[in-house]
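Residues per chain, in single letters:
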Amino acid sequence: MKVKKNRLSVLLGLICILSCSALDASAQNATKILDTAVSNFKSAGGVKITYSYTGNGTSGNGTIKMNGQKFMNDMGDMVVWFNGKTVWTLVKSNEEVTITNPSSKEIAKMNPYAFVSLYKKGYKASMTHKSTHDDYEVLLTPSKKTATFKSILLRINRFNNQLSYVKMTSADGNSVEITVKSYAKNQKFTDVTFTFSEKNYPDVDVIDLR
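Residues numbered from 1 in each chain as written. Predicted model: local features only at pLDDT ≥ 70, side-chain atom pairs only at ≥ 80, totals over all residues. Heavy atoms only, no water.

Considerations on the side chain of Asn157
Locating Asn157 in the fold gives a position in strand β9 (residues 149-157). Within the structure, Asn157 has its side chain in polar contact with the backbone nitrogen of Phe159 (distance 2.8 Å). Those residues in contact with Asn157 that sit more than four places away from it in its chain are Asp134, Asp135, Gln162 and Ser164. (Helix = DSSP H or I, 4+ residues; strand = E, 2+ residues; numbered from the N terminus. Polar contact = N/O pair within 3.5 Å; in protein donor to acceptor, adjacent residues only side chain to side chain. Contact = heavy atoms within 4.5 Å.)

Digging into unusual backbone geometry
Positive phi outside glycine occurs at Asn161, with the angle close to 60 degrees. You can see Asn161 is positioned in the loop between β9 and β10 (163-170). What makes Asn161 partly exposed here is its relative accessible area of 25%. In the Ramachandran plot, Asn186 falls in the positive-phi region, its phi being about 60 degrees despite a non-glycine side chain. By the secondary structure assignment, Asn186 is in strand β11 (residues 175-187). (Buried < 20%, exposed > 50% of the residue type's maximum accessible area, 1.4 Å probe, protein only.)

Things to note about the sheet that holds strand β4 (residues 78-82)
Backbone-to-backbone hydrogen bonds pair the strands of a sheet. The strands run either parallel or antiparallel. Pairing within the open sheet is mixed, and its 12 strands lie in the order β7-β8-β9-β10-β11-β1-β2-β3-β4-β5-β6-β12. Edge positions in the sheet fall to β7 (123-127) and β12 (205-208), since each of these pairs with one other strand and no more. For this sheet, the mean angle separating the axes of adjacent strands, direction not counted, is 20 degrees. For strand β2 (residues 58-67) and strand β3 (residues 70-74), the ladder comprises 5 bridges, and the chain directions are antiparallel. (Pairing = 2+ DSSP bridges. Axes fitted to C-alpha atoms, helices over the stretch in contact; angles between N-to-C directions.)

Observations concerning the packing of aromatic side chains
According to the stated counting rule, one finds 6 aromatic pairs in the structure shown. Consider the rings of Trp81 and Phe196, whose centres lie 5.3 Å apart with planes at 65 degrees: the pair is edge-to-face. In this pair, Trp81 sits in strand β4 while Phe196 sits in the loop between β11 and β12, placing the two residues 115 residues apart along the sequence. A relative accessible area of 7% places Trp81 in the buried class. With centroids separated by 6.0 Å and ring planes inclined at 70 degrees, the aromatic side chains of Trp81 and Tyr201 adopt a geometry described as edge-to-face. Linking Trp81 in strand β4 with Tyr201 in the loop between β11 and β12, this pair joins segments that are 120 residues apart in sequence. (Phe/Tyr/Trp six-rings, centres within 6.5 Å; stacked < 30°, edge-to-face > 60°.)

Given below as structure tokens:
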């Protein structure tokens, strides 16, 4: 009887060790994949991405131009510019643009690549079992309950290390899905690209909330 108990204890111990090793490997692999994706993006220079999105009862297509932390995100009726400090949000149907100096959390909601790096700041990365021939699938989960996002699901292309899909689920359960349709790097952008120009929109009302 004692021998059986000892064998059972050893077996349970081995299962525990193997399980922990698998979890560690999953985290290490996920972190390595994200490290490569972020490094690839940072070395790409100016990037232009076209995408489709669904969530919160809306859907559509958009184009985002990025260079480092700066970006311009055109979603049709709404256009957002960020020059590294200030955000201009234009709603064409309302004929108004709002100017703010956002927090880092607010920026993360607007820039698809900002939250790819969240695994370094309060989120844990792990591989899922749904990785495909073309994509790795990585799940980010927060270490604190007060985090902005409940979960972030990322798909990274295996062959070019580029982001191909994102699903962000907020703390209230709402989710937004973004699918990358095209990705062009080494684009030439000037600072004008990331700054709202009143000359181009002379009829809109400007609301400065800085």
